[in-house]
Amino acid sequence: MAKECSNSSCSKSSCEGCASKGKSEPQNFLAPANIFSDIKHVIGVVSGKGGVGKSFVTGSLANAMAAKGYKVGILDADITGPSIPKMYGLTGAAQADDNGIYPMETTNGIKVMSINLLLPTEDTPVIWRGPVLANMVKQFWTDVVWDKIDYLFVDMPPGTGDVPLTVFQSLPIDGIVIVSSPQDLVKMIVKKAYNMAEMMKIPVLGIVENYSYVKCPDCGKPIKIFGESHIDEIAAELNVPVVGKMPIDMDYASKSDSGVFDQINNEYIVKAVEVMPE
Ligand SMILES: Nc1ncnc2c1ncn2[C@@H]1O[C@H](COP(=O)(O)OP(=O)(O)OP(=O)(O)O)[C@@H](O)[C@H]1O
């Protein structure tokens, strides 16, 4: 709700001519990072709906930046459906001391914090209400000892609920990458994610389309199993670049499922890497 004008002479019917017009600042909800963290860039990876490959794109971007020699972290904000630890074969409990909680590290040197590294078993369900989930994610920022990080990728839960809102408000997000699939309703879903970022004044760096096609195993011809994509038109309308079109790739899927995501060098997100802030 908009804040009421504090000027006692304000007629409230119109702000025209009011000396206070334009002076009110939006409230700042930014949370302080852990004092042992020094994080240069925070990039959100979002999707309007579940299962479109958001974690897959998060991991792919993290791998690409780590391969370039940057210090990279993944904050798994998908508290009820965390998949990052499993993708990288990370198990066990994260350690903590008076300084905070320490992320675990993948074989290719990416620091990861996820609820699954704090639960007794990876199949323990998290049955919490929205504000509790959102607070947990905030703690992944305030209480985790990230140390020096050039790019922290935040794997957001799908949709526009409590957690994405908290992340957008509490973390200094440099920009987001939207992940979508070539299916019906995609226009509405991408626009919702775009509009949320716009309302929060967060730049949209690009859109990655996943499941764009599958390569015929015999002739290599692309088969568009979800039909024609409309992502280029939607992206043009929003004035956002399409920074990747990923096929369904069996080799990637099996690497992800068997916990060796660090071995994936995703050739379809090269343009997404180019839009990362310097
Ligand atoms: N391009 C791809 N080729 C093959 N498998 C893929 C591809 N993209 C995603 N997958 C697989 O599809 C499944 C869902 O992907 P992922 O977990 O990244 O989706 P998500 O959008 O993060 O889901 P949610 O947030 O709803 O949990 C995973 O098993 C992942 O390995």
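Residues numbered from 1 in each chain as written. Predicted model: local features only at pLDDT ≥ 70, side-chain atom pairs only at ≥ 80, totals over all residues. Heavy atoms only, no water.

With respect to the overall build of the protein
Part 1: Looking only at helices and strands, the protein features eight helices and twelve strands.
Part 2: With 278 residues in all, the protein has 48% of them scored as buried.
Part 3: The contacts of the protein with a sequence gap of at least 6 include a subset with a gap of at least 24, amounting to 76%.
Part 4: Surface summary for the protein: the accessible area is close to 14500 Å², and the carbon and sulfur share equals 52%. (Helix = DSSP H or I, 4+ residues; strand = E, 2+ residues; numbered from the N terminus. Buried < 20%, exposed > 50% of the residue type's maximum accessible area, 1.4 Å probe, protein only. Contact = heavy atoms within 4.5 Å. Areas by Shrake-Rupley, 256 points an atom, 1.4 Å probe, with all protein chains shown as cover.)

Observations regarding the sheet that holds strand β12 (residues 242-245)
Part 1: Ordered in space as β5-β6-β2-β7-β1-β8-β9-β12, the eight strands form an open sheet in which the pairing is mixed. In this open sheet, the two strands that pair with only one neighbour each are β5 (104-105) and β12.
Part 2: Pairing analysis gives five bridges linking strand β2 (residues 72-76) to strand β7 (residues 147-155), with the strands arranged parallel. Looking at the pairing, Asp 76 lines up with Asp 155 of β7.
Part 3: Strands in contact with helix α3 (residues 130-142) are β1 (37-46), β2, β6 (111-113) and β7; relative to β2, the strand with the most contacts, it is inclined by about 160°. (Pairing = 2+ DSSP bridges. Axes fitted to C-alpha atoms, helices over the stretch in contact; angles between N-to-C directions.)

Notes on the nonpolar core
Part 1: Counting residues in each nonpolar core, the largest one holds 83 residues, and the members touching the most others are Leu 61, Leu 75, Tyr 88, Phe 153, Val 167, Ile 176 and Met 276.
Part 2: For this core, the element with the most residues is helix α1 (residues 54-67), which contributes seven residues.
Part 3: Setting aside its immediate chain neighbours within four residues, Leu 75 contacts Met 113, Val 137, Phe 140, Trp 141, Trp 146, Leu 152, Phe 153, Val 154, Asp 155 and Leu 171. (Core = buried A, V, L, I, M, F, W, Y, C linked by side-chain atoms within 4.5 Å.)

Quick look at the environment of Met 246
Part 1: Relative to the assigned elements, Met 246 resides in the loop between β12 and α7 (250-257).
Part 2: What makes Met 246 buried here is its relative accessible area of 2%.
Part 3: For the pair Met 246 and Ile 269, spaced 23 residues apart in the sequence, the C-alpha separation amounts to 7.6 Å.

Things to note about the UniProt feature "binding site: ATP" (unreviewed entry) in the protein
Part 1: Here, the residues flagged by UniProt with the feature "binding site: ATP" (unreviewed entry) are Gly 48, Lys 49, Gly 50, Gly 51, Val 52, Gly 53, Lys 54 and Ser 55.
Part 2: In this structure, Lys 49 sits in the loop between β1 and α1.
Part 3: Non-local contacts of Lys 49, meaning those with residues more than four positions away in its chain, are made with Pro 158, Ser 181, Gln 183 and Ile 189.
Part 4: Turning to its location among the elements, Lys 54 is positioned in helix α1. (UniProt positions renumbered as here; feature names shortened; annotations may be inferred.)

Points about the state of the cysteines
Part 1: Tallied over the entire structure, the rule returns zero disulfides.
Part 2: Cysteine Cys 216 remains unbridged, with the sulfur of Cys 219 as its closest cysteine sulfur at 3.5 Å. (Disulfide = S-S within 2.5 Å.)

Description of the side chain of Lys 255
Part 1: Residue position: Lys 255 is located in helix α7.
Part 2: Leave out the neighbours within four places in its chain, and Lys 255 touches Met 87, Val 260, Phe 261, Gln 263 and Ile 264.

Description of the pattern of salt bridges
Part 1: Applying the stated rule across the entire model yields eight salt bridges.
Part 2: A salt bridge links Asp 38 to Lys 148, with the shortest nitrogen-to-oxygen separation between them at 3.1 Å. You can see Asp 38 sitting in strand β1 and its partner Lys 148 sitting in strand β7, a full 110 residues away along the chain.
Part 3: For Asp 38, a relative accessible area of 41% corresponds to the partly exposed category.
Part 4: By relative accessible area, Lys 148 is classed as partly exposed at 48%.
Part 5: Among the charged side chains, a salt-bridge network with shared partners connects Lys 54, Asp 78 and Asp 155. (Salt bridge = Lys/Arg side-chain N within 4 Å of Asp/Glu carboxyl O.)

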